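Single-letter residue listing:
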Amino acid sequence: MALNVEPAFFPVNEMLVARMVVAARRVGADAGRLTNAILRAVWAGERNIADAETLTAIAGENDMDGAALLTAAENAEVADDYSADTTEAVELGVFGAPTFVSDGQLYWGPDRLDFLSRALDT
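Residues numbered from 1 in each chain as written. Predicted model: local features only at pLDDT ≥ 70, side-chain atom pairs only at ≥ 80, totals over all residues. Heavy atoms only, no water.

A. View of the packing of helix H1 (residues 15-26) against helix H3 (residues 52-61). The contact between H1 and H3 brings their axes to 11 Å, and the two run at 30 degrees. In terms of axis orientation, H1 runs roughly parallel to H3. Along this stretch, H1 crosses H3, giving a crossing that reads as right-handed. Taken together, the residues of H3 that come into contact with H1 (itself represented by Leu 16, Val 17 and Met 20) are Ala 52, Leu 55, Thr 56 and Ala 59. Taken together, the residues of the contact of H1 with H3 break down into six nonpolar, one polar and no charged. (Axes fitted to C-alpha atoms, helices over the stretch in contact; angles between N-to-C directions. Helix = DSSP H or I, 4+ residues; strand = E, 2+ residues; numbered from the N terminus. Parallel < 35°, antiparallel > 145°, perpendicular 65-115°, else oblique. Left-handed = near helix turned anticlockwise from the far one by under 90°. Contact = heavy atoms within 4.5 Å. Nonpolar A, V, L, I, M, F, W, Y, C, P; charged D, E, K, R; others polar.)

B. Up close: helix H5 (residues 76-92). In this model, H5 (17 residues) spans 24 Å end to end at C-alpha, consistent with the 24 Å of a helix rising 1.5 Å per residue. The N-cap residue of H5 is Asn 75: its side-chain oxygen and the backbone nitrogen of Glu 77 are 3.1 Å apart. (Expected span 1.5 Å × (residues − 1). Polar contact = N/O pair within 3.5 Å; in protein donor to acceptor, adjacent residues only side chain to side chain.)

C. Molecular detail of unusual backbone geometry. With an omega of -5 degrees, the peptide bond running from Phe 10 to Pro 11 counts as cis. Note on placement: Pro 11 falls in the segment before H1. In the Ramachandran plot, Glu 46 falls in the positive-phi region, its phi being about 55 degrees despite a non-glycine side chain. For Glu 46, the location among the structural elements is in the loop between helix H2 (31-43) and H3. Despite not being glycine, Asp 103 has its phi angle at roughly 50 degrees, a positive value. As for its position among the elements, Asp 103 is in the loop between strand S1 (99-102) and strand S2 (105-108). Residue Asp 103 is classed as exposed on the basis of its relative accessible area of 82%. (Buried < 20%, exposed > 50% of the residue type's maximum accessible area, 1.4 Å probe, protein only.)

D. Focus on the pairing of S2. Inspection of the sheet shows S1 paired to S2 by four bridges, in the antiparallel sense. Looking at the pairing, Phe 100 lines up with Tyr 107 of S2. Between the end of S1 and the start of S2, which pair antiparallel, lie two residues, with Asp 103 showing a positive phi angle near 50 degrees. (Pairing = 2+ DSSP bridges.)

E. Representation of the pattern of salt bridges. Tallying each qualifying case throughout the model produces five salt bridges. Its salt-bridge partner being Asp 63, residue Arg 33 comes within 3.5 Å of it at the nearest N-O pair. Here Arg 33, found in helix H2, pairs with Asp 63, found in the loop between H3 and helix H4 (66-72); they are 30 residues apart in sequence, far enough to count as distant. Between Arg 47 and Glu 61 there is a salt bridge, with the nearest N and O atoms lying 3.0 Å from each other. Pair noted here: Arg 47 is in the loop between H2 and H3 and Glu 61 is in helix H3, with a separation of 14 residues, a long-range link. In this structure Glu 61 comes out as partly exposed when scored by relative accessible area, which is 47%. (Salt bridge = Lys/Arg side-chain N within 4 Å of Asp/Glu carboxyl O.)

Limitation: the analysis is restricted to geometry and does not speak to function.
Here it is, written out as structure tokens:
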């Protein structure tokens, strides 16, 4: 994938994006797929993920109801889940993305995926 290390729309306020991913998880949609699509949109597609129409389109491009997810992102339950996720991340010591936690061990950054893979294989 072509990668732009200085994307036009970064950084942005991530609140709506994050809550839309939480909303996807709540309704059983593939939140990982949505997350990957959003990351591609920023780092390769030069798309503004702070824009609600852009987020709706990205979800739609990934066979999700973007309008419904956008609406759900504004409800109190999703806000509570996002807050709980944030609290858990702070308690675990997460400080950046991507971070993975396995058996209490943090693996931060894509260059640590091999270490995580080996830990999961044991």
